[in-house]
Amino acid sequence: IYLLRGDSLPSDHPRPLPNIDQTLVVAHGFKRMAFWFHERRKAIPEVPKKLQWEQAQGINIFFISGRPNTVEWHKMTIDQLHREGYSILGSRIILTSPGTPTWVSKASAIEKNEIQVFTDDDLRTLDYLARRFPDTHFRWIRYDLTTPPGFEKILARQQNITEISFNVWSSSFSLALG
């Protein structure tokens, strides 16, 4: 899940770290299990290479997530991206503040950072965002686990959402290198 921005901000421009909640992850229960699951997640195939390629083209990349905005989640996200072969400034990772719905957090990030292209695997979030930001282009990475019922209607209604399957993602990356 990441955001792309136009070239008005240099890619090495320092930004202050977001206001991160210092609360430690709960050692038990759902929150601990969610942390454990996310810590072990792997990137969607080809995404790190595509991000590196896009960054080399001068596109500024932001990682925007519904993950909680805590020190542990922030550090784990940086570590996970590095493990996948992608380096990003910690200030370009925007996580969700406690009590804030994911779509609200992502909408705020799009607005504050003047995002031009946004990629996500949650079509319902993209549906909301596409209505709110009609001049922004949204890319939906589709795979079986993220395909909601009635997705065809959403795609037909929202002309600023493009579906990208794994195969298209990989082939578009190969063509771009080509």
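Values in this document were obtained by computation on a predicted structure and should not be read as measured data.

Cut-offs applied
Residues numbered from 1 in each chain as written. Predicted model: local features only at pLDDT ≥ 70, side-chain atom pairs only at ≥ 80, totals over all residues. Heavy atoms only, no water. Helix = DSSP H or I, 4+ residues; strand = E, 2+ residues; numbered from the N terminus. Buried < 20%, exposed > 50% of the residue type's maximum accessible area, 1.4 Å probe, protein only. Contact = heavy atoms within 4.5 Å. Areas by Shrake-Rupley, 256 points an atom, 1.4 Å probe, with all protein chains shown as cover. Polar contact = N/O pair within 3.5 Å; in protein donor to acceptor, adjacent residues only side chain to side chain. Salt bridge = Lys/Arg side-chain N within 4 Å of Asp/Glu carboxyl O. Phe/Tyr/Trp six-rings, centres within 6.5 Å; stacked < 30°, edge-to-face > 60°. Lys NZ or Arg CZ within 6 Å of the ring centre and 35° of its normal. Pairing = 2+ DSSP bridges.

Q: Residue-level account of the overall build of the protein, with values.
A: Counting its regular elements, the protein contains seven helices and six strands. Counted from the first residue to the last, the protein has its helices and strands arranged as β-α-α-β-α-β-α-β-α-β-α-β-α. Among the 178 residues that make up the protein, the fraction classed as buried is 43%. When contacts within the protein are restricted to residue pairs at least 6 apart in sequence, those whose partners lie at least 24 apart make up 67%. Of the roughly 9,900 Å² that the protein leaves accessible, carbon and sulfur atoms contribute 57%.

Q: Can you break down the environment of Pro-101 residue by residue, with the values?
A: Tracing the backbone shows Pro-101 in the loop between strand 3 (93-96) and helix 4 (102-112). Considered as a pair, Pro-101 and Gly-66 are 35 residues apart in the sequence and their alpha carbons are 7.9 Å apart.

Q: Break down helix 5 (residues 123-132) for me, with residues and values.
A: Looking only at helix 5, the buried set comprises Leu-123, Thr-125, Leu-126, Asp-127, Leu-129 and Ala-130. Along its buried surface, helix 5 packs onto helix 4, strand 4 (115-120), strand 5 (137-142), helix 6 (151-157) and strand 6 (161-165). One side-chain oxygen of the residue at the start of helix 5 lies 3.0 Å from the amide nitrogen of Arg-124, identifying that residue as Asp-122.

Q: Residues and numbers for the pattern of salt bridges, please.
A: The full count for this structure, using the stated rule, is seven salt bridges. Here Asp-79 makes a salt bridge to Lys-75, at a shortest N to O gap of 2.6 Å. Of this pair, Asp-79 and Lys-75 both sit in helix 3 (residues 71-83), four residues apart, roughly one helical turn. On the accessibility criterion, Asp-79 (36% relative accessible area) is partly exposed. Close ionic contact of Glu-163 with Arg-142 constitutes a salt bridge, the shortest N to O distance being 2.9 Å. Taken together, the residues span a long stretch of sequence, with Glu-163 in strand 6 and Arg-142 in strand 5 at a distance of 21 residues.

Q: Lay out the packing of aromatic side chains in plain terms, naming residues and giving numbers.
A: Aromatic ring pairs are reported here in terms of the distance separating the ring centres and the angle at which the planes meet. Applying the stated criterion to the full structure yields three aromatic pairs. Both rings, one in Phe-118 and one in Phe-138, keep their centres 6.0 Å apart while their planes meet at 65°; by these two values the pair is edge-to-face. Taken together, the residues Phe-118 in strand 4 and Phe-138 in strand 5 connect sequence positions 20 residues apart. The pair formed by Phe-118 and Phe-138 is uniform in burial state, with each residue classed as buried. Ring geometry for Trp-140 versus Phe-151: centroids 5.7 Å apart, planes at 50°, classification tilted. One end of the pair, Trp-140, is in strand 5; the other, Phe-151, is in helix 6, with 11 residues separating them in the sequence. Trp-140 sits in the buried class, given a relative accessible area of 0%. Lying over the aromatic face of Phe-62, Arg-92 brings its terminal NZ or CZ to 4.9 Å of the ring centre.

Q: Help me get a handle on the side chain of Arg-139, residues and values and all.
A: Position of Arg-139 among the secondary structure elements: in strand 5. Arg-139 sits in the buried class, given a relative accessible area of 12%.

Q: Quick rundown of helix 4? Include the residues and the values.
A: Buried residues of helix 4: Ser-105, Lys-106, Ala-107, Ala-109 and Ile-110, and no others. Count one or two residues on from helix 4 and you reach Glu-114, which has phi positive near 50°.

Q: Before we move on, could you go through the pairing of strand 4 and cite the residues and values that matter?
A: As paired strands, strand 4 and strand 5 are joined by four bridges and run parallel to one another. Among the inter-strand pairings, Asp-120 is bridged to a residue of strand 5, identified as Trp-140.

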